[in-house]
Amino acid sequence: VARRVARGRRVEAERAIRALVLGRRNYLFAGSDAGGETAARLYSLIGTCRLNGLDPHRYLHHVLERIAMHPINRIEELLPWNVALANAAASRLAA
């Protein structure tokens, strides 16, 4: 039983770092320091979406549809944790 638990933890740890290992190869082809910084921002945004229970693709689609007409002084409403809260509130109202 202890071996299964240890193996399960190892598998979880390997799964958690998989994106870093796969990305390491891609980082070589960022093209420049600015390209690497842009990639880091996107990885951070995608990770934040996942931590907040959002599908990154749907979140980006949601933001890109709204950002042009959204008031700049309320831009924080489009951050992943605020979109997740708004989605949760809307689903509670629908139920």
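Note: the structure precedes this text.
For clarity, every value in this text was computed on a predicted model and none was experimentally measured.

On the surface, a nonpolar cluster with roughly 410 Å² of combined accessible area is contributed by Leu64, Ile67, Ile72 and Ile75. For Leu64, the location among the structural elements is in helix 3 (residues 56-66).

Okay, the nonpolar core next. Core analysis: the biggest nonpolar cluster contains seven residues, these being Cys49, Leu54, Tyr59, Val63, Leu78, Val83 and Ala84. Of all the secondary-structure elements, those providing two or more residues to this core are helix 3 and helix 4 (80-94). Excluding residues within four positions of it along the chain, Val83 makes contact with Leu54, Tyr59, His62, Glu77 and Leu78.

Our next topic: the pattern of salt bridges. Scanning the model with the defined rule gives two salt bridges in all. Arg66 is the partner of Glu65 in a salt bridge, and the nearest nitrogen-oxygen pair spans 3.3 Å. Looking at Glu65, the relative accessible area reads 52%, which means it is exposed. The partly exposed category is assigned to Arg66, whose relative accessible area is 37%. As a salt-bridge pair, Glu77 and Arg74 come within 2.8 Å of each other at their nearest N and O atoms. With a relative accessible area of 35%, Glu77 lands in the partly exposed category. Residue Arg74 is classed as partly exposed on the basis of its relative accessible area, which comes to 38%.

Checked against the element boundaries, Glu77 lands in the loop between helix 3 and helix 4. Separated by 14 residues in sequence, Glu77 and Val63 place their C-alpha atoms 9.8 Å apart. Among all residues touching Glu77, those that are not within four sequence positions of it are His70, Asn82 and Val83. Among the polar contacts made by the side chain of Glu77, one reaches the side chain of His70 at a distance of 3.2 Å.

A pair of packed helices can be characterised by two numbers: the angle between their axes and the separation between those axes. Interaxial distance between helix 2 (residues 33-51) and helix 3 falls to 9 Å at its minimum, and their mutual angle equals 110°. As summarised for this structure, helix 2 and helix 3 are arranged roughly perpendicular, according to the angle between their axes. Judged by residue contacts, Leu45, Ile46, Cys49 and Arg50 of helix 2 engage Pro56, Tyr59 and Leu60 from helix 3.

Conventions and cut-offs
- Residues numbered from 1 in each chain as written.
- Predicted model: local features only at pLDDT ≥ 70, side-chain atom pairs only at ≥ 80, totals over all residues.
- Heavy atoms only, no water.
- Patch = residues over 30% accessible without salt bridge, like charges linked within 9 Å, V, L, I, M, F, W, Y side chains within 5 Å.
- Areas by Shrake-Rupley, 256 points an atom, 1.4 Å probe, with all protein chains shown as cover.
- Salt bridge = Lys/Arg side-chain N within 4 Å of Asp/Glu carboxyl O.
- Helix = DSSP H or I, 4+ residues; strand = E, 2+ residues; numbered from the N terminus.
- Core = buried A, V, L, I, M, F, W, Y, C linked by side-chain atoms within 4.5 Å.
- Buried < 20%, exposed > 50% of the residue type's maximum accessible area, 1.4 Å probe, protein only.
- Contact = heavy atoms within 4.5 Å.
- Polar contact = N/O pair within 3.5 Å; in protein donor to acceptor, adjacent residues only side chain to side chain.
- Axes fitted to C-alpha atoms, helices over the stretch in contact; angles between N-to-C directions.
- Parallel < 35°, antiparallel > 145°, perpendicular 65-115°, else oblique.

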